[in-house]
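Structure assessment
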Amino acid sequence: MRTLPIGVFDSGLGGLTVVKELAAALPGESLVYVGDTARCPYGPREADEVRRFVLEIGEFLARQPVKLIVIACNTATAAGLALAQRVFDVPVVGVIEPGARAAVKATVNRSVGVIGTVGTVESGAYSRAVRALDAGVTVFSLATPRFVDVVEAGLRMGPGTLEDWLSSTTEVFIRPSFYEMARDYLNPLKRNGIDTLVLGCTHFPLLATAIQQVVGSGVRLISSAEETAREVAATLDARDQLAEPGGDVTRRYVTTGDVGEFRKLGSRVLRERIPAAEHVPVAALEALGDPDHAPASYAEGHAAGEDA
Ligand code: DGL
């Protein structure tokens, strides 16, 4: 069990911000990442549909097999964490509870802002998670769906331009108009007197520098990635399932979208070259959601990686 990888998934590239922290905190652990790029974004979808995706990808990962599953997507955590924990035999860790915990630790005036997708904010999952830890903290939540588009577009900026240079230094190229949009979104939150802002979408840490400029240095930004990595480490440790030091470490990347694009943009998020990725068709995941018709070959993963 110790040598099995940790499974991680997201609607696309955002969850790689969690992979980055997991790899830093647990360098001896192997990872399998699924980015459901073909069905991204999850944010505007109905919770039932996102729950179905959670079951499909969770089943794909469980069959690799993996020793723990991380839902590295706030929208999917809000919709499907509880169900996934009931269905799968391995522990399932989401990103909302760790983010809420980090925010409660950080806030001094006990006024916390949360930005995320429509699905995450409408679920009320952050407010519940924060209140469960400290009922005296006031949470102001705001959906900022256009931030997801900004990250996706910024990551796609072509090579050889100023944009590319900026992309490689800040990961994402941010147009000047972003600041105006961000002020429109964030000024009302600031007026509520928040001293802490949770980046409640795994895409948003890639915008952290720009968001910090807009909210000012008096507001502490919280990304749940680090706290999630700590929770994963603690969970594996408690189960005596941490990898032995010095063992082989593998990193596999699987996408429902274009393999070449995933490798290129994913490498930008990770700031580390992704040498190969595998493709799994959406239809194969859908079949896994239906246990009677799951083709075993897909459960083992389809290698289609090529070298750059
Ligand atoms: N990364 C997803 C999250 O954390 C948001 C992107 C999407 O809408 O799919 O919620």
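Summarised in this report is the structure supplied together with it. (Residues numbered from 1 in each chain as written. Predicted model: local features only at pLDDT ≥ 70, side-chain atom pairs only at ≥ 80, totals over all residues. Heavy atoms only, no water.)

1. Some words on the pairing of strand β1 (residues 6–10)
- Of all five residues that make up β1, five are buried, and the element is covered over most of its length.
- Here β1 runs beside strand β2 (residues 31–35); their pairing, made up of five bridges, is parallel. What sits directly across from Val8, in β2, is Tyr33.
- Bridge analysis of β1 against strand β3 (residues 68–71) gives four bridges, and the strand direction is parallel. Residue pairing in the sheet places Val8 in a bridge with Val70 of β3. (Buried < 20%, exposed > 50% of the residue type's maximum accessible area, 1.4 Å probe, protein only. Helix = DSSP H or I, 4+ residues; strand = E, 2+ residues; numbered from the N terminus. Pairing = 2+ DSSP bridges.)

2. Structural notes on unusual backbone geometry
- Cis geometry is adopted by the peptide bond preceding Pro41, which originates at Cys40 and carries an omega value of 5 degrees.
- Cis geometry marks the peptide bond from Gln64 to Pro65; its omega dihedral reads 0 degrees.
- A positive phi angle, close to 60 degrees, is found at Arg110, a residue other than glycine.
- Phi at Asp240 is positive, roughly 60 degrees, even though this residue is not glycine.
- As for its position among the elements, Asp240 is in the loop between α11 (224–238) and β9 (251–255).
- We classify Asp240 as exposed; its relative accessible area is 52%.

3. Thoughts on the pattern of salt bridges
- As enumerated under the stated definition, the model contains 16 salt bridges in all.
- A salt bridge links Arg2 to Glu244; its shortest N-O distance comes to 3.5 Å. With Arg2 in the segment before β1 and Glu244 in the loop between α11 and β9, this pair connects stretches of sequence that are 242 residues apart.
- Using a relative accessible area of 27% as the deciding quantity, one classes Arg2 as partly exposed.
- Put simply, Arg39 and Asp36 hold a salt bridge, and the shortest N to O gap is 2.7 Å.
- Residue class for Arg39 comes out buried when judged on its relative accessible area of 6%.
- Asp36 gets classed as buried once you look at its relative accessible area, which sits at 0%.
- Connected through salt bridges with shared partners, the residues Glu97, Arg101, Lys105, Glu227, Arg230 and Glu231 form a single ionic network. (Salt bridge = Lys/Arg side-chain N within 4 Å of Asp/Glu carboxyl O.)

4. Some words on the sheet that holds strand β8 (residues 220–223)
- Within the open sheet, the four strands sit side by side as β6-β5-β7-β8. Their pairing is parallel. Of all strands in the sheet, those bounded by a partner on one side alone are β6 (138–143) and β8. When the angles between neighbouring strand axes are averaged without regard to direction, this sheet yields 25 degrees.
- With five bridges joining them, strand β5 (residues 111–116) and strand β7 (residues 196–200) adopt parallel strand pairing. The residue of β7 that forms the bridge with Ile115 is Leu199.
- The sheet strands contacting helix α6 (residues 125–133) are β5, β6 and β7, and the helix crosses β6 at an angle near 160 degrees.
- On the sheet, helix α9 (residues 177–191) packs against β5, β6 and β7 and is oriented at approximately 170 degrees with respect to β6. (Axes fitted to C-alpha atoms, helices over the stretch in contact; angles between N-to-C directions. Contact = heavy atoms within 4.5 Å.)

5. A few points about the side chain of Glu278
- Along the chain, Glu278 falls in strand β10 (residues 278–279).
- For Glu278, a relative accessible area of 12% gives the class buried.
- A polar contact of 2.7 Å, which involves the side chain of Glu278, links it to the side chain of Arg252. (Polar contact = N/O pair within 3.5 Å; in protein donor to acceptor, adjacent residues only side chain to side chain.)

6. Examining the site of the ligand
- Taken together, 13 residues are adjacent to the ligand, and Ser11, Tyr42, Gly43, Thr75 and Thr202 come closest.
- Here an oxygen atom of the ligand and a backbone polar atom of Tyr42 are 2.6 Å apart.
- For the ligand, whose unbound accessible area comes to 300 Å², protein coverage reaches 99%.
- Put simply, the ligand lies in the largest cavity. (Near = heavy atom within 4 Å. Areas by Shrake-Rupley, 256 points an atom, 1.4 Å probe, with all protein chains shown as cover. 1 Å grid on protein atoms, 1.4 Å probe; cavity = no way out; pocket = protein on both sides within 12 Å on 5 of 7 lines; lining within 4 Å. Sits in = over half its atoms within 2 Å of the grid points.)

7. A few points about the packing of aromatic side chains
- Enumeration over the complete set of coordinates arrives at eight aromatic pairs.
- Ring geometry for Tyr253 and Phe262: centres 6.4 Å apart, planes at 45 degrees, overall tilted.
- According to the relative accessible area criterion, Phe262 is buried, its value standing at 3%.
- By the ring-pair criterion, three or more aromatic residues cluster together here, those being Phe147, Phe178, Tyr179, Tyr185 and Phe204.
- Across the ring face of Phe53, the terminal group of Arg39 is positioned such that the distance to the ring centre comes to 3.9 Å. (Phe/Tyr/Trp six-rings, centres within 6.5 Å; stacked < 30°, edge-to-face > 60°. Lys NZ or Arg CZ within 6 Å of the ring centre and 35° of its normal.)

Everything listed here is a matter of geometry and, on its own, says nothing about what the molecule does.
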